[in-house]
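# Structural overview for review
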Amino acid sequence: MNDMIICRCEGVCLSEVLDAVEDGANSVPGIKKRVRVGMGYCQGRVCQPIVRDILESKLGNGTKPHLQRAQNPVRPVILGDIVR
Amino acid sequence: MSYKVIVAGGGLIGTSIAYYLAKSGAEVTLIDSKDIASGTSGSCDRAIMIQSKKPGPTLDLAIKSAALYQDLEEELEVDLEYRKSGGMIIIETKEELKVIKDMVALQQKSGVDVRLISGDEARKRQPGLSEDLLASTWWEHDAEVNPLKVSFAMASAARRLGAVIKLGSPVRNLMTEKNRVIGVETSEEELYADAVVVAAGVWTPQLLKPLGVDVPIIPRQGQILVSERLPPLLRTGILSASYITNKLRKGASREAADPFGVGLAIGQTHSGSLLIGGSRQFVGYNTETNPEVTQKIGEVAVRAFPQLAKVRIIRTFTGLRPYTADAKPILGAVQGMDGIYIAAGHEGDGVALAPITGKIMAQIVCGEEPEKDMRAFSLSRFKQ
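From a predicted model like this one, the values you see are computed outputs, not experimental measurements.

### Re empty space enclosed by the protein
Residues and elements named next belong to chain B. Per the counting criterion, the structure on display carries three cavities of 30 Å³ or more. If you add up the space inside the largest cavity, you get close to 110 Å³. Lining the largest cavity are 13 residues, with Asp45, Ala47, Gly237, Ile266 and Gly267 sitting closest to its centre. Listed by contribution, the elements that provide at least two residues to the lining of the largest cavity are strand 7 (143-144), strand 14 (237-240) and strand 15 (265-268). Looking at the lining of the largest cavity, its residues break down into eight nonpolar, two polar and three charged.

So, in structure tokens, the structure goes:
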């Protein structure tokens, strides 16, 4: 079960997410920087809530983990359209 | 009893210092207000550009650092995505050619055998470069590395050597006794040590200010665009000459001509994404991205590589580079105060200089003679 895929864009499994938390990650960006979860084409739009829930359950104490900052562009945009 | 050192700051610089200190037998505690690489080191590019460094003490350090990088993967037992990719500074105008020619001459004098090559040779070395390109520099020893991997690997290696790492622990205060720093007070506890090294980049001045120590580091925002994954496209690290002229820029007139300080700095990550930078702006601690800057960076990128017009951008981000007025980091003790050291202010040179900074700071903090004369990097150079 630990090899369930959490982030499909970057092919990151649950076991890797758990390892990142074990390593000290205390936020969604912290997990991302360790194992690339949410770093790909969809920018965590699909996996971030799941990663947040995993982190919340691991950290316990009811703290809301820090999420990845939403950045422009809101969806992939062709560079030629940006410079036009 | 061993020597106790606290390193405040878990970026490239702090983790490297913690590693080299632990390696030399010190009892190290590395603390960060958030996480490893959660600030500047997690929002930068991957270039270990040596040829872009200003000839002089910084270039000398960068050369030593590059030598350390070559063995670091084996030493840390981690794939750091280190690659000797070579590097180019591409030249679009005659004015740029003149500036770069002078710089190359200085570098050759310092023992860096950078060459000026024609536009045709540049296009042969890096297919896809624009037909309009006038010339370029080329140096085969420029390299690249994944700064996230370096930060995490340094931290893990330090931990294996006995270092304690405390994340999510903001430093509230440096504790002093007479003229000596005796430890730090975090949000949770008081930690005592024989020495404290502040490696907090752009956040260094706030930590030292209560001691009456003025650290002239100013945050300089740089923005980077991230592309979708692409097949291998970039063979080398590439900067535009305007990136260099912006870096060296001082006068207000140039600021007016381009308030965003846009110059191309482009590389491709292991995963295939392009990191397309960048800009240089003094906007305080603001990390908002700016669509206008995205557009300007896009323009210089497409001008250099016309095929990039078809590439999708998936994200933009900014990082705060720790700028100093003379483009050199501050490395060493604080005059008139014991037990406190600073290693910060690398601006865009942090990736290149991280290993040597860690090694030399460990030497200084442990009371050894540093392997290089470090007076050029002292905080006291600003006291005039």
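Alright, that's what it looks like, and here's the rest.
### Some thoughts on the sheet that holds strand 18 (residues 330-333) of chain B
Residues and elements named next belong to chain B. Taken in spatial order, the six strands line up as 8-2-1-12-19-18 in an open sheet, and their pairing is mixed. Lying at the two open borders of the sheet, with one neighbouring strand each, are strand 8 (164-166) and strand 18. Looking at each pair of strands side by side, their axes are set apart by 15° on average, direction ignored.

### Quick look at the packing of aromatic side chains
Residue and element names in this part refer to chain B. Scanning the model with the defined rule gives three aromatic pairs over all chains in all. Where Tyr19 meets Tyr20, the ring centres are 5.0 Å apart and the plane angle is 65°; that geometry is what we call edge-to-face. Assigned by exposure class, Tyr19 and Tyr20 land together as buried. Taking 6.1 Å as the distance between ring centres and 15° as the angle between the ring planes, the aromatic pair formed by Tyr69 and Tyr82 counts as stacked. Placement of Tyr69 in helix 2 (residues 57-76) and of Tyr82 in the loop between helix 2 and strand 4 (87-91) is noted, with a sequence separation of 13 residues between them. We classify Tyr69 as buried; its relative accessible area is 1%. With relative accessibility at 19%, the residue Tyr82 sits in the buried group.

### Quick word on the interface of chain B and chain A
In many reports, interface size means the accessible area that the parts give up when they come together. Taken together, the contact pairs 37 residues of chain B with 28 residues of chain A. Between chain B and chain A, a total of about 2,500 Å² is buried, with carbon and sulfur atoms accounting for 49% of that surface. Ranking the residues of chain B by area buried against chain A places Ile313(B), Ile314(B) and Arg315(B) at the top, with a combined share of 25%. Put simply, chain B and chain A have four salt bridges between them. Note that Glu10(A) and Arg229(B) form a salt bridge whose closest N and O atoms lie 2.3 Å from each other. Counting every contact that joins chain B to chain A gives 14 residue pairs in polar contact (both at pLDDT 80 or more). Among the elements that take part in the side of chain B that touches chain A, helix 9 (residues 291-304) of chain B stands out by supplying seven residues, more than any other. Across the side of chain B that touches chain A, the residue classes break down as 16 nonpolar, eleven polar and ten charged.

### A short note on the packing of helix 2 of chain B against helix 10 (residues 350-365) of chain B
Think of two packed helices as two axes; the pair is described by the angle between the axes and how far apart they sit. All names here are of chain B. At a closest axis distance of 7 Å, the pairing of helix 2 and helix 10 adopts a crossing angle of 90°. As judged from the angle between their axes, helix 2 and helix 10 are roughly perpendicular. Residues Thr58, Leu61, Ala62, Lys64, Ser65, Leu68, Tyr69 and Leu72 of helix 2 touch helix 10, and the partners they reach there are Val351, Ala352, Leu353, Ala354, Pro355, Ile356, Lys359 and Ile360. Grouping the constituent residues of the contact of helix 2 with helix 10 by class yields twelve nonpolar, two polar and two charged.

### Description of the environment of Leu61(B)
Residues and elements named next belong to chain B. Inspection of the secondary structure puts Leu61 in helix 2. Here the alpha-carbon distance between Leu61 and Gly162, two residues 101 residues apart in the chain, equals 28 Å. Discounting residues that sit within four places of it in the chain, Leu61 has contacts with Leu331, Leu353, Ile356, Ile360, Lys372, Met374 and Phe377.

### Observations regarding unusual backbone geometry
Between Asn72(A) and Pro73(A) the backbone carries a cis peptide bond, its omega angle lying at -10°. With respect to the element layout, Pro73(A) can be found in the loop between helix 3 (48-59) and strand 3 (77-78). Of note, the amide linkage connecting Gly277(B) to Gly278(B) takes the cis form, showing an omega dihedral of -10°. Relative to the assigned elements, Gly278(B) resides in the loop between strand 16 (273-277) and helix 9. Positive phi values are uncommon outside glycine, yet Glu81(B) reaches one of about 60°.

Here is what the cut-offs are and how they apply
Residues numbered from 1 in each chain as written. Chains lettered and ligands numbered in written order. Predicted model: local features only at pLDDT ≥ 70, side-chain atom pairs only at ≥ 80, totals over all residues. Heavy atoms only, no water. 1 Å grid on protein atoms, 1.4 Å probe; cavity = no way out; pocket = protein on both sides within 12 Å on 5 of 7 lines; lining within 4 Å. Points joined across faces, edges and corners; volume = space filled by probe spheres on them. Helix = DSSP H or I, 4+ residues; strand = E, 2+ residues; numbered from the N terminus. Nonpolar A, V, L, I, M, F, W, Y, C, P; charged D, E, K, R; others polar. Pairing = 2+ DSSP bridges. Axes fitted to C-alpha atoms, helices over the stretch in contact; angles between N-to-C directions. Phe/Tyr/Trp six-rings, centres within 6.5 Å; stacked < 30°, edge-to-face > 60°. Buried < 20%, exposed > 50% of the residue type's maximum accessible area, 1.4 Å probe, protein only. Contact = heavy atoms within 4.5 Å. Buried area = accessible area lost by both parts, 1.4 Å probe. Salt bridge = Lys/Arg side-chain N within 4 Å of Asp/Glu carboxyl O. Polar contact = N/O pair within 3.5 Å; in protein donor to acceptor, adjacent residues only side chain to side chain. Parallel < 35°, antiparallel > 145°, perpendicular 65-115°, else oblique.

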